[in-house]
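# Fold and geometry: a report
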Amino acid sequence: MTRRVPIHGAIFDLDGTLLDTMPAWATLGERYLRNLGLAPQPGLSDALRPLSLRQGAQFLRREYGLALSEEDIIAGVKALIRHVYEAEALPKPGVAAFLRQLAARQVRMCIATATDAALTRAALTRCGLMPYVDGILTCDLVGAGKDDPAIYRAALAHLGTTRADTLVFEDGLHALRTAKGDGFRVVAVRDGSEPAQAEARALAEIYLPGFDGAEAARLLDTKEDGI
(Lines give C-alpha, C1' and ligand atoms only; values in the text may rest on other atoms or scores of the structure.)
Protein backbone atom coordinates (compact mmCIF):
# COMPACT_ATOMS: atom_id res chain seq x y z
CA MET A 1 0.00 0.00 0.00
CA THR A 2 1.24 3.49 -0.79
CA ARG A 3 2.70 5.19 2.27
CA ARG A 4 1.14 8.54 3.14
CA VAL A 5 3.84 11.20 2.80
CA PRO A 6 4.06 14.89 3.65
CA ILE A 7 4.36 16.90 0.45
CA HIS A 8 4.51 20.60 -0.33
CA GLY A 9 6.19 20.41 -3.73
CA ALA A 10 6.00 18.21 -6.81
CA ILE A 11 8.47 18.07 -9.70
CA PHE A 12 6.99 16.43 -12.79
CA ASP A 13 8.70 15.04 -15.83
CA LEU A 14 6.65 15.73 -18.98
CA ASP A 15 6.96 13.01 -21.63
CA GLY A 16 5.78 9.61 -20.52
CA THR A 17 4.84 10.99 -17.11
CA LEU A 18 2.18 13.67 -17.61
CA LEU A 19 1.81 13.43 -21.39
CA ASP A 20 1.45 10.32 -23.53
CA THR A 21 4.11 11.47 -26.00
CA MET A 22 6.81 8.81 -25.83
CA PRO A 23 5.55 6.98 -28.96
CA ALA A 24 6.21 10.15 -30.96
CA TRP A 25 9.79 10.31 -29.65
CA ALA A 26 10.48 6.62 -30.21
CA THR A 27 11.06 7.00 -33.95
CA LEU A 28 12.07 10.65 -34.08
CA GLY A 29 15.81 10.07 -34.43
CA GLU A 30 15.22 7.58 -37.21
CA ARG A 31 12.90 9.99 -39.04
CA TYR A 32 15.41 12.80 -38.71
CA LEU A 33 18.26 10.73 -40.16
CA ARG A 34 16.15 9.38 -43.00
CA ASN A 35 15.20 12.94 -43.92
CA LEU A 36 18.94 13.53 -44.32
CA GLY A 37 19.26 10.43 -46.51
CA LEU A 38 21.00 8.38 -43.81
CA ALA A 39 20.17 4.90 -42.56
CA PRO A 40 19.71 4.73 -38.76
CA GLN A 41 21.51 1.94 -36.92
CA PRO A 42 19.55 -0.62 -34.84
CA GLY A 43 18.99 0.48 -31.25
CA LEU A 44 19.03 4.21 -32.02
CA SER A 45 15.83 4.97 -30.09
CA ASP A 46 17.20 3.18 -27.00
CA ALA A 47 20.42 5.19 -27.23
CA LEU A 48 18.56 8.50 -27.53
CA ARG A 49 15.87 7.87 -24.91
CA PRO A 50 17.83 8.98 -21.80
CA LEU A 51 19.43 11.98 -23.54
CA SER A 52 18.40 15.62 -23.55
CA LEU A 53 17.81 17.32 -26.89
CA ARG A 54 21.33 18.74 -26.86
CA GLN A 55 22.91 15.46 -25.83
CA GLY A 56 20.93 13.75 -28.58
CA ALA A 57 22.17 16.29 -31.12
CA GLN A 58 25.74 15.70 -29.96
CA PHE A 59 25.23 11.93 -30.26
CA LEU A 60 23.83 12.15 -33.80
CA ARG A 61 26.52 14.57 -34.90
CA ARG A 62 29.27 12.34 -33.53
CA GLU A 63 27.94 8.89 -34.44
CA TYR A 64 26.70 9.78 -37.92
CA GLY A 65 29.34 12.33 -38.86
CA LEU A 66 26.78 15.06 -39.52
CA ALA A 67 28.20 18.24 -41.04
CA LEU A 68 25.68 20.28 -39.06
CA SER A 69 25.95 22.29 -35.87
CA GLU A 70 24.26 21.15 -32.67
CA GLU A 71 21.84 24.06 -33.02
CA ASP A 72 20.95 23.02 -36.58
CA ILE A 73 20.24 19.45 -35.47
CA ILE A 74 18.14 20.62 -32.52
CA ALA A 75 16.14 22.92 -34.80
CA GLY A 76 15.54 20.07 -37.24
CA VAL A 77 14.35 17.72 -34.51
CA LYS A 78 12.04 20.40 -33.06
CA ALA A 79 10.54 20.99 -36.49
CA LEU A 80 9.65 17.31 -36.75
CA ILE A 81 8.08 17.07 -33.27
CA ARG A 82 6.45 20.52 -33.01
CA HIS A 83 3.07 19.47 -34.40
CA VAL A 84 2.73 16.78 -31.74
CA TYR A 85 2.92 19.34 -28.92
CA GLU A 86 0.95 22.05 -30.62
CA ALA A 87 -1.93 19.87 -31.86
CA GLU A 88 -1.83 16.22 -30.78
CA ALA A 89 -0.27 15.52 -27.37
CA LEU A 90 -2.73 14.45 -24.67
CA PRO A 91 -2.39 14.01 -20.91
CA LYS A 92 -2.38 10.53 -19.52
CA PRO A 93 -5.72 9.47 -18.00
CA GLY A 94 -6.36 11.09 -14.65
CA VAL A 95 -3.55 13.66 -14.88
CA ALA A 96 -5.79 16.75 -14.91
CA ALA A 97 -7.77 15.63 -11.86
CA PHE A 98 -4.57 14.65 -10.04
CA LEU A 99 -2.94 18.05 -10.60
CA ARG A 100 -6.16 19.84 -9.70
CA GLN A 101 -6.29 18.04 -6.37
CA LEU A 102 -2.65 18.81 -5.64
CA ALA A 103 -3.30 22.48 -6.41
CA ALA A 104 -6.31 22.47 -4.07
CA ARG A 105 -3.95 21.28 -1.33
CA GLN A 106 -1.59 24.18 -2.14
CA VAL A 107 1.16 21.86 -3.39
CA ARG A 108 3.54 23.83 -5.60
CA MET A 109 4.29 22.13 -8.93
CA CYS A 110 6.81 22.58 -11.72
CA ILE A 111 7.99 20.72 -14.81
CA ALA A 112 11.50 19.29 -15.25
CA THR A 113 11.88 18.10 -18.82
CA ALA A 114 14.31 17.45 -21.64
CA THR A 115 11.74 18.89 -24.06
CA ASP A 116 11.93 22.46 -25.34
CA ALA A 117 10.22 24.97 -23.03
CA ALA A 118 8.07 26.52 -25.78
CA LEU A 119 6.80 23.12 -26.91
CA THR A 120 6.16 22.13 -23.31
CA ARG A 121 4.17 25.29 -22.65
CA ALA A 122 2.19 24.86 -25.88
CA ALA A 123 1.12 21.34 -24.95
CA LEU A 124 0.31 22.13 -21.32
CA THR A 125 -1.68 25.21 -22.30
CA ARG A 126 -3.68 23.37 -24.96
CA CYS A 127 -4.40 20.53 -22.54
CA GLY A 128 -5.53 22.90 -19.77
CA LEU A 129 -2.70 21.93 -17.41
CA MET A 130 -0.66 25.13 -17.41
CA PRO A 131 -2.66 26.81 -14.59
CA TYR A 132 -1.38 24.13 -12.19
CA VAL A 133 2.28 24.58 -13.11
CA ASP A 134 4.43 27.19 -11.39
CA GLY A 135 7.35 26.93 -13.79
CA ILE A 136 9.10 24.96 -16.54
CA LEU A 137 12.71 23.86 -16.11
CA THR A 138 14.48 22.27 -19.07
CA CYS A 139 17.71 20.35 -19.47
CA ASP A 140 18.86 22.92 -22.01
CA LEU A 141 18.22 25.73 -19.52
CA VAL A 142 20.27 24.14 -16.74
CA GLY A 143 22.94 22.82 -19.12
CA ALA A 144 22.71 19.16 -18.16
CA GLY A 145 20.68 16.08 -18.99
CA LYS A 146 18.88 13.86 -16.52
CA ASP A 147 22.02 11.87 -15.90
CA ASP A 148 22.89 14.87 -13.71
CA PRO A 149 20.75 16.15 -10.80
CA ALA A 150 21.10 19.80 -11.84
CA ILE A 151 17.56 20.04 -13.21
CA TYR A 152 16.03 18.64 -10.01
CA ARG A 153 18.08 20.98 -7.85
CA ALA A 154 17.01 23.94 -10.00
CA ALA A 155 13.37 22.86 -9.79
CA LEU A 156 13.60 22.52 -6.02
CA ALA A 157 15.10 26.00 -5.70
CA HIS A 158 12.34 27.36 -7.94
CA LEU A 159 9.62 25.80 -5.79
CA GLY A 160 11.22 26.88 -2.52
CA THR A 161 10.48 23.52 -0.92
CA THR A 162 12.82 20.91 0.55
CA ARG A 163 13.84 17.43 -0.54
CA ALA A 164 11.98 16.06 2.46
CA ASP A 165 8.59 17.49 1.37
CA THR A 166 8.98 17.30 -2.42
CA LEU A 167 8.28 14.37 -4.73
CA VAL A 168 9.86 13.85 -8.15
CA PHE A 169 7.57 12.09 -10.67
CA GLU A 170 9.43 10.32 -13.49
CA ASP A 171 8.75 7.44 -15.88
CA GLY A 172 12.35 6.72 -16.94
CA LEU A 173 14.60 4.52 -14.81
CA HIS A 174 17.69 6.61 -15.61
CA ALA A 175 16.00 9.78 -14.32
CA LEU A 176 14.62 8.04 -11.23
CA ARG A 177 18.14 6.85 -10.40
CA THR A 178 19.57 10.35 -10.79
CA ALA A 179 16.95 12.02 -8.60
CA LYS A 180 17.04 9.36 -5.91
CA GLY A 181 20.82 9.32 -5.93
CA ASP A 182 20.73 13.03 -5.11
CA GLY A 183 18.45 12.49 -2.12
CA PHE A 184 15.06 13.17 -3.71
CA ARG A 185 11.94 11.16 -2.95
CA VAL A 186 10.86 9.63 -6.24
CA VAL A 187 7.57 8.45 -7.71
CA ALA A 188 7.83 6.02 -10.62
CA VAL A 189 5.03 6.54 -13.15
CA ARG A 190 4.44 3.57 -15.39
CA ASP A 191 4.91 4.11 -19.12
CA GLY A 192 5.11 1.47 -21.81
CA SER A 193 8.30 2.98 -23.20
CA GLU A 194 10.26 2.03 -20.06
CA PRO A 195 10.96 -1.73 -20.10
CA ALA A 196 12.56 -1.82 -16.63
CA GLN A 197 9.35 -1.59 -14.62
CA ALA A 198 10.49 -4.00 -11.90
CA GLU A 199 13.62 -1.92 -11.31
CA ALA A 200 11.64 1.32 -11.30
CA ARG A 201 9.15 -0.09 -8.80
CA ALA A 202 11.94 -1.30 -6.50
CA LEU A 203 13.77 2.04 -6.66
CA ALA A 204 10.81 4.35 -6.08
CA GLU A 205 9.19 5.34 -2.82
CA ILE A 206 5.85 5.21 -4.64
CA TYR A 207 4.92 3.37 -7.84
CA LEU A 208 1.99 4.71 -9.88
CA PRO A 209 0.56 2.42 -12.57
CA GLY A 210 -1.51 5.47 -13.55
CA PHE A 211 -2.98 8.72 -12.27
CA ASP A 212 -6.52 7.36 -12.29
CA GLY A 213 -5.98 4.25 -10.19
CA ALA A 214 -6.03 3.19 -6.58
CA GLU A 215 -2.38 4.09 -5.90
CA ALA A 216 -2.89 7.68 -7.04
CA ALA A 217 -6.07 7.91 -4.96
CA ARG A 218 -4.20 6.71 -1.87
CA LEU A 219 -1.43 9.22 -2.52
CA LEU A 220 -4.08 11.95 -2.49
CA ASP A 221 -5.80 10.59 0.61
CA THR A 222 -5.04 13.49 2.92
CA LYS A 223 -4.54 13.67 6.64
CA GLU A 224 -3.67 16.71 8.68
CA ASP A 225 0.04 15.90 8.48
CA GLY A 226 0.34 15.50 4.72
CA ILE A 227 -0.52 13.55 1.62
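Placed above this text is the structure.
These notes cover the structure that comes with them. (Residues numbered from 1 in each chain as written. Predicted model: local features only at pLDDT ≥ 70, side-chain atom pairs only at ≥ 80, totals over all residues. Heavy atoms only, no water.)

One pass over the full model with this rule turns up 17 salt bridges. When the shortest N-O distance is used, the salt bridge between Arg49 and Asp171 registers 2.9 Å. In this pair, Arg49 is assigned in the loop between helix H3 (44–48) and helix H4 (53–63) and Asp171 in the loop between strand E4 (166–170) and helix H10 (173–181), connecting sequence segments 122 residues apart. With its nearest N and O atoms 2.9 Å apart, the salt bridge here joins Asp140 to Arg54. With Asp140 in helix H8 (residues 139–142) and Arg54 in helix H4, this pair connects stretches of sequence that are 86 residues apart. Overall, the relative accessible area of 23% leaves Arg54 in the partly exposed class. (Salt bridge = Lys/Arg side-chain N within 4 Å of Asp/Glu carboxyl O. Helix = DSSP H or I, 4+ residues; strand = E, 2+ residues; numbered from the N terminus. Buried < 20%, exposed > 50% of the residue type's maximum accessible area, 1.4 Å probe, protein only.)

Before going further, it helps to examine the environment of Asp165. Assignment of secondary structure puts Asp165 in the loop between helix H9 (150–159) and E4. As a C-alpha pair, Asp165 and Pro6 span 159 residues in sequence and 5.7 Å in three-dimensional space. If near-sequence neighbours (up to four positions away) are discounted, Asp165 is found in contact with Pro6, Ile7, His8, Gly9 and Arg185. Looking at Asp165, its side chain comes within polar contact range of the main-chain nitrogen of Thr162, at 2.9 Å. A distance of 3.4 Å separates a polar atom in the side chain of Asp165 from a polar atom in the side chain of Thr166. (Contact = heavy atoms within 4.5 Å. Polar contact = N/O pair within 3.5 Å; in protein donor to acceptor, adjacent residues only side chain to side chain.)

Turning our attention to the packing of H4 against helix H5 (residues 70–88). Two elements in contact, H4 and H5, have axes separated by 9 Å at closest approach and are oriented at 115°. Considered as vectors, H4 and H5 are oriented roughly perpendicular to each other. In this structure, H4 crosses over H5, and the sense of that crossing is right-handed. Contacts between H4 and H5 pair Leu53, Arg54, Ala57, Gln58, Leu60 and Arg61 from the former with Glu70, Glu71, Ile73, Ile74, Val77 and Lys78 from the latter. Class assignment of the residues belonging to the contact of H4 with H5 gives a composition of 6 nonpolar, 1 polar and 5 charged. (Axes fitted to C-alpha atoms, helices over the stretch in contact; angles between N-to-C directions. Parallel < 35°, antiparallel > 145°, perpendicular 65-115°, else oblique. Left-handed = near helix turned anticlockwise from the far one by under 90°. Nonpolar A, V, L, I, M, F, W, Y, C, P; charged D, E, K, R; others polar.)

We now examine the packing of H5 against helix H7 (residues 117–126). Viewed as axis vectors pointing N to C, H5 and H7 meet at an angle of 25°, and their least axial separation amounts to 7 Å. Put simply, H5 runs roughly parallel to H7. In this structure, H5 contributes Ile81, Arg82, Val84, Tyr85, Glu86, Ala87 and Glu88 to the contact, and H7 contributes Leu119, Ala122, Ala123 and Arg126. Partitioning the contact of H5 with H7 into residue classes produces 7 nonpolar, no polar and 4 charged.

Moving on: helix H6 (residues 95–104). Taken residue by residue, H6 has Val95, Phe98, Leu99 and Leu102 as its buried positions. With its buried residues spanning 95° around the axis, H6 presents them on a single face. In this structure, the buried side of H6 is in contact with strand E1 (9–12), strand E2 (108–113), E4 and helix H12 (214–219). (Arc of directions from axis to C-beta.)

Given 3.6 residues to a turn, an α-helix orients residues that are three or four positions apart in the same direction. The end-to-end C-alpha distance of H5 is 27 Å, a good match for the 27 Å that 19 residues give at a rise of 1.5 Å each. At Ile81, H5 shows its maximal bend, which comes to roughly 45°. Listed in full, the buried residues belonging to H5 are Ile73, Ile74, Val77, Lys78, Ile81, Val84 and Tyr85. On its buried face, H5 sits against helix H1 (22–26), helix H2 (28–35), H4 and H7. (Expected span 1.5 Å × (residues − 1). Bend = angle between axes of the 7 residues up to and from the residue.)

Moving on, we get to the packing of aromatic side chains. Applying the stated rule across the entire model yields 5 aromatic pairs. On the basis of an interplanar angle of 65° and a centroid distance of 5.0 Å, the ring pair of Phe98 and Phe211 is categorised as edge-to-face. Here Phe98 is found in helix H6, whereas its partner Phe211 is found in the loop between strand E6 (206–208) and H12, with 113 residues between them in sequence. The exposure class of Phe98 is buried, given its relative accessible area of 1%. Its relative accessible area of 5% is what places Phe211 among the buried residues. Ring geometry for Tyr152 and Phe184: centres 6.1 Å apart, planes at 55°, overall tilted. With Tyr152 in helix H9 and Phe184 in the loop between H10 and strand E5 (185–189), the pair connects residues that are 32 residues apart, well separated along the chain. A relative accessible area of 0% means that Tyr152 is categorised as buried. Given the relative accessible area of 4%, Phe184 is considered buried. Members of the aromatic cluster, joined through ring pairs, are Phe12, Phe98, Phe169 and Phe211. In this structure, Arg201 packs its charged tip against the face of Tyr207, placed 4.0 Å from the ring centre. (Phe/Tyr/Trp six-rings, centres within 6.5 Å; stacked < 30°, edge-to-face > 60°. Lys NZ or Arg CZ within 6 Å of the ring centre and 35° of its normal.)

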